[in-house]
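Take a look at the letters that make up each chain.
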Amino acid sequence: MQRNVLVFFTFSDFDTTPEEIHRKLLDHLANDYFIDSKSRNYRTWKIHFEKYRDAANNNEYSILQDFDHLKAKHGLEVGKYDALLDIFQHIDERAVRRIEEDTEKIRCMLGK
């Protein structure tokens, strides 16, 4: 479902690149929503990530390894966050808003 997102830019937004926004977003998501492998967010991520990696040992991979898998196999790249939105909608609405806002910033910077 496509939602309209209102994005406010700050002066610092113009001193960065889409790639920097992308890197900061992934760092934020990986580090701020997963306390440890026993947390509810981590378990929810693993449950919903199963459709992206068909592996019996899915729980042996870290969140960053899961992100690498999404990059390699499911089109996770600068400005393309469909898989992350699909999973984070089950984890935290704040993460969804951040993904949408950063997607819009990147889109505007790239003139799309």
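Remember, predicted model here, so these are calculated numbers, not experimental data.

**Some details on helix H3 (residues 63–73)**
Line of reasoning, step 1. Those residues of H3 not exposed but buried are Ile63, Asp66, Phe67, His69 and Leu70. All buried residues of H3 fall inside an arc of 155° around its axis, so they share one side. The outward face of H3, more than 90 degrees from its buried face, is lined by the exposed residues Leu64 and Ala72.
Line of reasoning, step 2. Among the structural elements, helix H1 (18–32), helix H2 (40–49) and helix H4 (82–88) are those in contact with the buried residues of H3.
Line of reasoning, step 3. Once H3 finishes, Gly75 follows within two positions and takes phi at roughly 75°, a positive value.

**Concerning the packing of H1 against helix H5 (residues 93–110)**
Line of reasoning, step 1. Viewed as axis vectors pointing N to C, H1 and H5 meet at an angle of 170°, and their least axial separation amounts to 10 Å. Looking at the two axes, H1 sits roughly antiparallel to H5. Residues Pro18, Ile21, His22, Lys24, Leu25, His28 and Leu29 of H1 form the contact with H5, whose participating residues are Ala95, Arg98, Ile99, Asp102, Lys105, Ile106, Met109 and Leu110.
Line of reasoning, step 2. Among the residues making up the contact of H1 with H5, the classes are represented as nine nonpolar, two polar and four charged.

**A few points about the pattern of salt bridges**
Line of reasoning, step 1. Scanning the entire structure with this criterion turns up 11 salt bridges.
Line of reasoning, step 2. Here Lys51 makes a salt bridge to Asp86, at a shortest N to O gap of 2.8 Å. Residue Lys51 is found in the loop between H2 and H3, and its partner Asp86 is found in helix H4; the two are separated by 35 residues along the sequence.
Line of reasoning, step 3. For Lys71, the salt bridge identified is with Asp68, shortest N-O distance 3.7 Å. Here the residue Lys71 and the residue Asp68 both occupy positions in helix H3, the gap between them amounting to three residues, near one helical turn.

Thresholds applied
- Every chain's residues receive numbers from 1 upward, in the order its sequence appears when written.
- Per-residue local features of the predicted model are confined to residues with pLDDT of at least 70, and side-chain atom pairs are confined, for both listing and counting, to 80 or more; whole-chain, interface and lining totals are unaffected and use all residues.
- The side-chain values count all of the structure's non-hydrogen atoms but skip hydrogen atoms and water molecules.
- For every residue, the accessible area (1.4 Å probe, protein chains only) is compared with the maximum for its type, and the residue is labelled buried under 20%, exposed over 50%, or partly exposed between those bounds.
- Put simply, DSSP marks the helices as runs of H or I at least four residues long and the strands as runs of E at least two long, and each gets a number from the N terminus on.
- Directions pointing from the helix axis toward each C-beta atom define the arc.
- Every residue pair with non-hydrogen atoms within 4.5 Å of one another is taken to be in contact.
- Only C-alpha atoms enter the line fits that serve as axes; for helices the fit covers just the stretch in contact. Angles between N-to-C directions range over 0 to 180 degrees.
- Here the angle decides the label: under 35 degrees means roughly parallel, over 145 means roughly antiparallel, 65 to 115 means roughly perpendicular, and every other value means oblique.
- Only Asp, Glu, Lys and Arg are considered charged in this grouping, and only Ala, Val, Leu, Ile, Met, Phe, Trp, Tyr, Cys and Pro are considered nonpolar; every other residue, Gly among them, is considered polar.
- Counted as salt bridges are all cases of a side-chain nitrogen of Lys or Arg within 4 Å of a carboxyl oxygen of Asp or Glu.

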